[in-house]
Amino acid sequence: MKPLFLILVYLGVVALPLVLSFLTGGPSRPVYQELASGLGILAFSMILAEFVLSGRFRKISHGVGMDVTMRFHQIMARTALIFALLHPFLYRATPSGGPRPWDPTGQLTLTTDIADLSSGIAAFLILPSLVFLAIGRTKLDHKYEVWRLMHGIGAVLIALLLLHHATHAGRYGSLPVMSWIWLVMTGLAVGSLFYVYLIVPFQGRRQAWRVASVTRLTPKQWELTLAPDAHSGLAYKAGQFVWLTVGHSPFSINEHPFSICSAPSGGPEVSFMIKELGDFTRGVGDIKPGTIAYLDGPYGSLAIEGRTEPGVALIAGGVGLAPLLGILRQMRLTGDPRKLRLVYGNRKADQIAFRDELGVADVTYVLSEPPEGWTGETGFIDGALLDRVFAPQEFKDWLFVVCGPTVMMDIVETHLIKRGTPADRILSERFDYD
Ligand SMILES: Cc1cc2nc3c(=O)[nH]c(=O)nc-3n(C[C@H](O)[C@H](O)[C@H](O)COP(=O)(O)OP(=O)(O)OC[C@H]3O[C@@H](n4cnc5c(N)ncnc54)[C@H](O)[C@@H]3O)c2cc1C
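Residues numbered from 1 in each chain as written. Predicted model: local features only at pLDDT ≥ 70, side-chain atom pairs only at ≥ 80, totals over all residues. Heavy atoms only, no water.

Per an unreviewed UniProt entry, the chain goes by NADH oxidoreductase hcr and derives from Roseovarius gaetbuli. The UniProt entry for the chain carries the following text under Subcellular location (unreviewed entry): "Membrane". Listed in UniProt under the heading Cofactor (unreviewed entry), the comment for the chain reads: "FAD". (UniProt positions renumbered as here; feature names shortened; annotations may be inferred.)

Encoded structure:
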């Protein structure tokens, strides 16, 4: 799906309860009261939409990329938090208490029913914790998987609390039609989580993989190759990624996203280039051949299939080579007639992976800490380097595929735009979306 269409769908879904609430009518109220209700309604629908912005739905992340999906998820969560925090304070000077004769619909009075309010108060307290823990999670001293589990449980809890609050204390939400709409929307949101973490792994159970080999590529990078266990393999496009689980059940929370560095035309085995970073990646070297593995995917929008540009430029920093290697391999295996050039940056010479396979013909190696006698490029992949490697017309006509550290990607993307590369000719994938 195209980005503009996705944005329109998002706006439509998020605005739906708001529009329907106001269409249900009711007695007229001061503007700030309507604003309070409106912000509460918007916050709730935005929180529900967050469930499907988790990067696990191909129809969404294929259109814009998982990194963009996750960034949107983060920004919308923070916006919903602001709306939710403002919501109770805008009901200033509103009469509260039990039923009043002059308010038969109950829409002009704030309820003081503690059961109805307590669910809203609990959500009001949990929501900031969830958002702030997500923002500061890298500084917390616990495993990423634990944080992810807590994040999911917290999100379900908030959705259920808000459902209770909206349908019991909400002036609009307690109307039968709106109660049903909230119930269906909450069901779909929470159901999407169960779909991703129960139904998809259940289906994946039948498609087990076995570790075929683990090879050290550089001091801190490994190649992990999996072979299908009694099935025909994975239908993917070069440059895509999967969620990988090794040595655990497919229902395990120990799954990690990795780009496939093998090419679809290379056979049914799939390979990953993995850099040591945390607890899972540091243990890759100890994985024994034959270990069971599961894949959820493919995901990602780095594919160059169907593109008509005359040349493909691959710009990689460090382990960002992984998806680009898949593309390069596929192009070489299929005898792709398009021109191909790879720019591959590292800090030191011993960090260069697959040097023999990559060769020198289409590759510009860049080292920021070159050894004596180094004849390749030195420094970082920046605008000046790109200007040395690509001709002005190539910037305008070629397809650029970029993957690497955030700082490198920011510099490269900015420079490409400056040199006239249209935005739709820049494909990029970020491994870190914080
Ligand atoms: C689309 C995508 C493709 C990637 N491809 C590659 C690749 O080809 N090669 C490679 O070496 N690395 C890749 N990564 C990064 C890789 O996923 C992390 O380095 C790895 O998950 C770290 O796990 P850990 O347990 O070793 O470290 P941890 O210390 O647990 O995590 C370090 C950081 O990695 C990220 N991370 C960890 N687990 C997950 C998870 N389940 N989901 C999302 N992010 C997570 C988080 O930002 C976390 O802060 C990719 C990441 C993404 C998002």
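Having seen the model, we can carry on.
Participant: Is there a simple way to think about the UniProt feature "domain: FAD-binding FR-type" (unreviewed entry) in the chain in this case?
Facilitator: Per the UniProt record, "domain: FAD-binding FR-type" (unreviewed entry) is found at residues 204-305. As annotated, residues 204-305 comprises 5% helix and 41% strand, and the C-alpha atoms at either end are separated by 26 Å. (Helix = DSSP H or I, 4+ residues; strand = E, 2+ residues; numbered from the N terminus.)

Participant: What is the right way to look at the site of the ligand in this model?
Facilitator: Near the ligand you find 23 residues, and of these Glu255, Pro257, Lys275, Asp279 and Thr281 are the closest. The separation between a nitrogen atom of the ligand and a polar main-chain atom of Ser259 is 3.1 Å. The fraction of the free accessible surface of the ligand (880 Å²) that becomes covered by protein chains is 90%. Per-element accounting of the shell around the ligand gives the leading share, four residues, to strand β4 (residues 256-259). (Near = heavy atom within 4 Å. Polar contact = N/O pair within 3.5 Å; in protein donor to acceptor, adjacent residues only side chain to side chain. Areas by Shrake-Rupley, 256 points an atom, 1.4 Å probe, with all protein chains shown as cover.)

Participant: What should I look at first to understand the domain arrangement of the chain in this one?
Facilitator: Interfaces are often sized by the amount of accessible area the parts lose when they come together. Looking at the assigned domains, one finds that the chain contains domain 1 (3-203), domain 2 (209-299) and domain 3 (311-429). Relative to domain 2, the C-alpha centre of domain 1 lies at a distance of 36 Å. Both faces considered, domain 1 and domain 2 share a buried interface measuring about 1,400 Å² in area, 53% of it formed by carbon and sulfur atoms. By the criterion of area lost to domain 2, the three top residues of domain 1 are Arg56, Arg58 and Glu145, representing 42% of everything that side buries. Where domain 1 packs against domain 2, one counts one salt bridge. Between Arg148 and Glu255 there is a salt bridge, and its shortest N-O distance comes to 3.1 Å. Inspection of the region where domain 1 meets domain 2 yields two residue pairs in polar contact (both at pLDDT 80 or more). Of all the elements in the fold, those that place two or more residues in the side of domain 1 that touches domain 2 are α3 (58-64), α6 (144-169) and α7 (176-204). Within the side of domain 1 that touches domain 2, the residues separate by chemical class into eight nonpolar, three polar and five charged. (Domains from an automatic or database assignment. Buried area = accessible area lost by both parts, 1.4 Å probe. Salt bridge = Lys/Arg side-chain N within 4 Å of Asp/Glu carboxyl O. Nonpolar A, V, L, I, M, F, W, Y, C, P; charged D, E, K, R; others polar.)

Participant: Please explain the pairing of strand β12 (residues 426-429) as it appears in this structure.
Facilitator: Two faces make up the sheet, and in a regular strand the side chains alternate between them. Pairing of strand β11 (residues 399-403) with β12 involves four bridges; the strand directions are parallel. Across the sheet, residue Val402 finds its bridge partner in β12, namely Ser428. The parallel pair β11 and β12, bridged by helix α13 (residues 406-418), forms a crossover whose chirality is right-handed. (Pairing = 2+ DSSP bridges. Right-handed = clockwise from strand over helix to strand, strands pointing away.)

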